Amino acid sequence: MSGRARPARGATGRPAGADDTLAVMEERTFDRSGQHASVIGLGTWQLGADWGDVDDKEALAVLEAAAESGVTFFDTADVYGDGRSEQTIASFLSGRPDLHVLVATKMGRRVDQIPENYVLDNFRAWNDRSRRNLGVDRVDLVQLHCPPTPVYSTDEVFDALDTLVEEERIAAYGVSVETCAEALTAIARPNVASVQIILNPFRMKPLREVLPAAREAGVGIIARVPLASGLLSGKYTKDTVFAENDHRTFNRHGEAFDQGETFSGVDWATGVEAAAEFAALAPEGYTPAQLALRWIVRQPGVTTVIPGARSPEQARANAAAARLPELPDATLTAITDLYDRRIREQVENRW
Ligand SMILES: NC(=O)c1ccc[n+]([C@@H]2O[C@H](COP(=O)([O-])OP(=O)(O)OC[C@H]3O[C@@H](n4cnc5c(N)ncnc54)[C@H](OP(=O)(O)O)[C@@H]3O)[C@@H](O)[C@H]2O)c1
């Protein structure tokens, strides 16, 4: 298989000889794998499907805008657009050999969600397909994609993932989880490099229950759904309508996959009202979306946060949040107060 060459890293974290027109963003390290990621990365579910239509040209422009803004971490999955997101990333990076982007994909959701499917033979087949889609010999980071809970307690699963590393099919592996309990079980496994979990101003339980343990163990945290599927931008009203093929229409009550993945599991009416309150807390110079991202970046233990973007403008604005000044204490207190009053009760008993 032909492979995308990895440029050597220079002192700034950028590859030696990299294009110096690219913005530089703070990078953090996944301690167990030694890999680096910009504090704000890019989620690319939008480039695959389930968010209305994003055409190929726009998808490439989103990747370009993120990279130009200093993003060095892309999160994707084999199931996003059934491979389209992975293929778009490959197409973009093949034209930009100067870039050093860590690409994390996921596997496991193209089959029935039963523990029996999480075996080495399947892992090899899923990995072959992702390597083809991504145009690489070795995947940087592969994550189990919210597997059934018993998978986290199965020694053979993690032995099989170790085998993929030994076979040089993947450089490192992690998990994407739904619950704090699943995160803690995964963190106890010695070679899990990363845990991807929903963390945002409407989902705070991981701050107490997961991040301290992850830091202690040297496991990287990838914070997903950071804008609560866009709610925290404050731009929706109770009358906002999403496209039919957008999960914010078809998964509001968990009809297609875990309800927590849509609006962070917050019910729409409550979410829109609480988001208006959240938006009013944005200090001068911040948009509400940037307030959410900046709040996540400052949480001890977070390695990278991966907002999804449907346009280059969104990708640029999200990356710019990494360079905004620290948030005032009064804003931080008000965010916690809002969560305690309006959101905590809805989400903490489930995730
Ligand atoms: N199970 C899993 O492992 C899993 C599940 C979910 C997500 N993820 C990953 O996490 C990533 C991020 O989560 P997500 O995409 O679900 O949710 P998100 O990042 O919380 O929300 C994305 C949405 O927020 C809006 N948005 C983004 N940037 C904005 C800006 N600057 N200003 C205003 N609005 C903005 C856009 O909404 P509009 O479309 O309305 O403009 C966009 O579609 C995904 O792309 C994916 O890579 C993984």
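The residue numbers shown here count from 1 along each chain, following its written sequence. For this predicted model, a pLDDT threshold of at least 70 governs which residues receive local features, and a threshold of 80 or more governs which side-chain atom pairs are given and counted, while totals over whole chains, interfaces and linings are taken from all residues. Hydrogens and waters are ignored; side-chain quantities use all the structure's heavy atoms.

Draft legend 1. Looking closely at the overall build of the protein chain. A helix here means a DSSP run of H or I that spans at least four residues, while a strand means a run of E at least two residues long, and both kinds are numbered starting from the N terminus. Looking only at helices and strands, one finds 12 helices and 10 strands in the protein chain. Computed over the C-alpha atoms, the radius of gyration of the protein chain is 19 Å, within 12% of the 20 Å expected from 2.2 N^0.38 for a compact globule of 351 residues. C-alpha atoms of the protein chain, sized along the principal axes, occupy 50 × 45 × 40 Å. Within the protein chain, buried positions represent 56% of all 351 residues. Working rule for contacts: check all heavy atoms of both residues, and any pair within 4.5 Å makes them a contact. Long-range contacts, defined here as pairs at least 24 residues apart, represent 77% of the contacts in the protein chain between residues at least 6 apart. In short, Shrake-Rupley with a 1.4 Å probe defines the accessible areas, and a residue's cover is counted only from the protein chains shown. Here the protein chain displays about 13900 Å² of accessible surface, and carbon together with sulfur accounts for 49% of that area. Two residue types count as positive, namely Lys and Arg, and two as negative, namely Asp and Glu; His and chain ends fall outside the count. Charge positions come from single atoms, namely NZ of Lys, CZ of Arg, CG of Asp or CD of Glu. For the protein chain, the centre of its 37 positive side-chain charges and the centre of its 51 negative side-chain charges are spaced 2 Å apart. The quantity called the radius of gyration is restricted to C-alpha atoms. Its globule counterpart is 2.2 Å times the number of residues to the power 0.38. When a residue's accessible area, from a 1.4 Å probe over protein chains only, is under 20% of the maximum for its type it is buried; when over 50% it is exposed; and in between it is partly exposed.

Draft legend 2. Molecular detail of the sheet that holds strand β5 (residues 102–107). One bridge is not enough; two strands pair if DSSP finds at least two bridges between them. Spatially, β3-β4-β5-β6-β7-β8-β9-β10 is the arrangement adopted by the eight strands of the open sheet, whose pairing is parallel. Each of the sheet's edge strands pairs with one partner strand only, and the pair in question is β3 (42–43) and β10 (302–305). Of the strand pairs in this sheet, strand β4 (residues 73–75) and β5 are connected by three bridges, and their pairing is parallel. Across the sheet, the residue bridging to phenylalanine 73 is leucine 102, located in β5. Convention adopted: a line fitted to C-alpha atoms gives each axis, helices being fitted over their contacting stretch, and angles between N-to-C directions are expressed from 0 to 180 degrees. The strands that helix α3 (residues 120–134) touches are β5, β6 (139–145) and β7 (170–176); relative to β5, the one it contacts most, it runs at about 140°. Contacting β5, β6, β7 and β8 (192–198), helix α4 (residues 155–166) runs over the sheet at an angle of about 150° to β7.

Draft legend 3. View of the pairing of β5. The element β5 is largely enclosed, with a buried count of six among its six residues. Burial of the side chains of β5 extends over both faces: Leu102, Ala104 and Lys106 are buried on one face and Val103, Thr105 and Met107 on the other. In terms of handedness, the path from β4 via helix α2 (residues 84–94) over to β5 forms a crossover that is right-handed. Examined bridge by bridge, β5 and β6 share four bridges and lie parallel to one another. Looking at the pairing, lysine 106 lines up with glutamine 143 of β6. Handedness is read with the strands pointing away from the viewer; a crossover is right-handed when the path from the first strand over the helix to the second is clockwise. Taken together, β5, α3 and β6 constitute a β-α-β crossover, and its handedness is right-handed.

Draft legend 4. Focus on the site of the ligand. Neighbouring residues are identified by heavy atoms, a residue being near a molecule or strand if any of them is within 4 Å of it. Taken together, 31 residues surround the ligand, and among them Asp75, Ser176, Leu227, Tyr236 and Arg310 come closest. A distance of 3.5 Å separates an oxygen atom of the ligand from a polar side-chain atom of glutamine 196. One nitrogen or oxygen atom from the side chain of arginine 248 is found 3.0 Å from an oxygen atom belonging to the ligand. In isolation the ligand has 900 Å² of accessible area, and contact with the protein removes 93% of it. Looking at the shell around the ligand element by element, the count peaks at three residues for helix α11 (residues 312–320). Its residues assigned to classes, the shell around the ligand comprises 12 nonpolar, 12 polar and seven charged. We call two N or O atoms a polar contact when they sit within 3.5 Å, provided that within protein one can donate a hydrogen and the other can accept it, with sequence-adjacent residues counted only if both atoms are side-chain atoms. Here the nonpolar group is Ala, Val, Leu, Ile, Met, Phe, Trp, Tyr, Cys and Pro; Asp, Glu, Lys and Arg are the charged ones; every other residue, Gly included, is treated as polar.

Draft legend 5. Representation of the confidence of the model for the protein chain. Think of pLDDT as the predictor's per-residue confidence, scored from 0 to 100. Put simply, the protein chain has an average pLDDT of 94, and 94% of its residues get 70 or more. Every residue in residues 1–13 scores below 50 in pLDDT, and together they form 35 contacts with partners more than four places removed in sequence or on other chains.

Draft legend 6. Up close: a negative patch on the surface. Only residues above 30% relative accessible area that lack a salt bridge enter a patch, with like-charged residues linked at up to 9 Å and the nonpolar side chains Val, Leu, Ile, Met, Phe, Trp and Tyr linked at up to 5 Å. The salt bridge criterion pairs a side-chain nitrogen of Lys or Arg with a carboxyl oxygen of Asp or Glu, the two atoms within 4 Å. On the surface, Asp53, Asp55, Glu58 and Glu313 cluster together to form a negatively charged patch. By the element assignment, glutamate 58 lies in helix α1 (residues 56–68).

Draft legend 7. Broad picture of α4. Given a rise of 1.5 Å per residue, 12 residues ought to cover 16 Å, and the 17 Å separating the end C-alpha atoms of α4 matches this to within 8%. Turning to α4, its buried residues number three or more, namely Val157, Phe158, Ala160, Leu161, Thr163 and Leu164. In the core, the buried residues of α4 are packed alongside β5, α3, β6, β7 and β8. Just downstream of α4 lies glutamate 168, where phi reads positive at about 60°. Given the number of residues in a helix, its expected span is that number minus one, multiplied by 1.5 Å.

Draft legend 8. α3, seen in detail. Its 15 residues give α3 an end-to-end C-alpha distance of 20 Å, which sits within 8% of 21 Å, the value for a rise of 1.5 Å per residue. Of the residues making up α3, those classed as buried are Phe123, Trp126, Asn127, Arg129, Ser130, Arg131, Asn133 and Leu134. In this structure, the buried residues of α3 make contact with α2, β5, β6, α4 and β7. Residue glycine 135 follows α3 closely and has a positive phi angle near 70°.

Draft legend 9. Local environment of the packing of α3 against α4. Where α3 contacts α4, the axes come no closer than 9 Å and their chain directions differ by 40°. Classified by the interaxial angle, the pair formed by α3 and α4 is oblique. Read as a crossing pair, α3 and α4 show a hand that is right-handed. Judged by residue contacts, Leu120, Phe123 and Arg124 of α3 engage Val157, Ala160, Leu161, Thr163 and Leu164 from α4. Of the residues in the contact of α3 with α4, the class split is six nonpolar, one polar and one charged. Convention used here: angles under 35 degrees read as roughly parallel, angles over 145 as roughly antiparallel, angles from 65 to 115 as roughly perpendicular, and any remaining angle as oblique. Whether a crossing is left-handed or right-handed is set by the direction in which the near helix is turned from the far one by less than a right angle, anticlockwise for left-handed and clockwise for right-handed.

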